[in-house]
Amino acid sequence: MTSPVRYRARTLRRDQTEAERRLWARLRDRQLESTKFRRQQPIGPFIADFCCTERGLVIELDGGQHAVRTDEDRKRTEFLEGRGYRVLRFWDNEVMENIEGVLFRITEALSPLTQPSAPSPYPLPQRGRGQR
């Protein structure tokens, strides 16, 4: 029997947003730094949009609904960081309008010189930012 989290992850993989689809096209098949990413990866009770387990990196894409969910997103980030992951957050519109800049920031985070235990240099998006 499939767990509810795994079932939800499967559904999210099937029903990707356009921003998720665009970023996944650039992350899949070890295209970035020869690093394996998984999409909609269950981690505890949460599902990470993109996860690189070998480098301990989670990438979250936030749409407009996240502008009012800052407490939930903070708790999610704390949970993931508590399990040793570094969390990068990007607005959907950042991916759509500046994919190269997003990939550059991900590449920086994948650098062996970056300490995985350091706090994320990319804090949660602020309320109102990125809304249209």
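Data block above holds the structure.
Not measured: the values here are computed from a predicted model.

S.K.: How would you sum up the overall build of the protein chain? Please name residues and give values.
M.R.: Helices and strands together make up the secondary structure of the protein chain, namely 5 helices and 4 strands. In the protein chain, the order of α-helices and β-strands from amino to carboxyl end is α-α-β-β-β-α-β-α-α. Every one of the 132 residues in the protein chain was classed for burial, and the buried ones make up 42%. A separation of at least 24 residues holds for 62% of the contacts in the protein chain among residues at least 6 apart in sequence.

S.K.: An account of the pattern of salt bridges is requested, with residue identities and associated values reported.
M.R.: A complete count under the given rule lists 10 salt bridges for this structure. Put simply, Glu18 and Arg21 hold a salt bridge, and the shortest N to O gap is 3.3 Å. You can see Glu18 and its partner Arg21 sitting in helix H2 (residues 18-27), 3 residues apart, about one turn around the helix. Judged by its relative accessible area of 42%, Glu18 is partly exposed. On the accessibility criterion, Arg21 (40% relative accessible area) is partly exposed.

S.K.: Help me get a handle on the state of the cysteines, residues and values and all.
M.R.: A complete count under the given rule lists 0 disulfides for this structure. Cys51 takes part in no disulfide bond, and the closest cysteine sulfur, belonging to Cys52, lies 7.0 Å away. Cys52 gets classed as buried once you look at its relative accessible area, which sits at 0%.

S.K.: Summarise the side chain of Glu20; cite the residues concerned and give the values.
M.R.: By secondary structure assignment, the location of Glu20 is in helix H2. Here Glu20 is buried and forms no salt bridge, its nearest opposite-charge partner Arg21 lying at an N-O distance of 7.2 Å. Not counting residues within four places of it along the chain, the set of residues in contact with Glu20 comprises Gln40, Asp49, Phe50 and Leu61.

S.K.: How would you sum up the nonpolar core? Please name residues and give values.
M.R.: Formed by 20 residues in total, the largest nonpolar core has its most connected members in Leu23, Leu27, Phe37, Leu57, Ile59 and Ile106. Elements with a contribution of two residues or more to this core: H2, strand S2 (46-52), strand S3 (57-62), strand S4 (86-91) and helix H5 (99-110). For this core, the element with the most residues is H5, which contributes 6 residues. Residues contacting Phe37, with those up to four places away along its chain left out, are Trp24, Leu27, Phe50, Cys51, Cys52, Leu57, Ile59, Ile106 and Leu110. In terms of nonpolar packing, the next biggest core, distinct from the first, is built from 8 residues, Ile43, Ala48, Leu80 and Val87 among them.

S.K.: Give me the sheet that holds strand S1 (residues 38-43): which residues, what numbers.
M.R.: Spatially, S1-S2-S3-S4 is the arrangement adopted by the 4 strands of the open sheet, whose pairing is mixed. The sheet is open, and its two edges are formed by S1 and S4, each paired on a single side. Direction aside, the axes of adjacent strands within the sheet are offset by 45° on average. Of the strand pairs in this sheet, S1 and S2 are connected by 5 bridges, and their pairing is antiparallel. Residue pairing in the sheet places Ile43 in a bridge with Phe46 of S2. Contacts between helix H3 (residues 70-82) and the sheet are confined to S1, S2, S3 and S4, with S4 contributing the most and set at about 150° to the helix.

Scoring rules and cut-offs
Residues numbered from 1 in each chain as written. Predicted model: local features only at pLDDT ≥ 70, side-chain atom pairs only at ≥ 80, totals over all residues. Heavy atoms only, no water. Helix = DSSP H or I, 4+ residues; strand = E, 2+ residues; numbered from the N terminus. Buried < 20%, exposed > 50% of the residue type's maximum accessible area, 1.4 Å probe, protein only. Contact = heavy atoms within 4.5 Å. Salt bridge = Lys/Arg side-chain N within 4 Å of Asp/Glu carboxyl O. Disulfide = S-S within 2.5 Å. Lys, Arg positive; Asp, Glu negative; His and termini not counted. Core = buried A, V, L, I, M, F, W, Y, C linked by side-chain atoms within 4.5 Å. Pairing = 2+ DSSP bridges. Axes fitted to C-alpha atoms, helices over the stretch in contact; angles between N-to-C directions.

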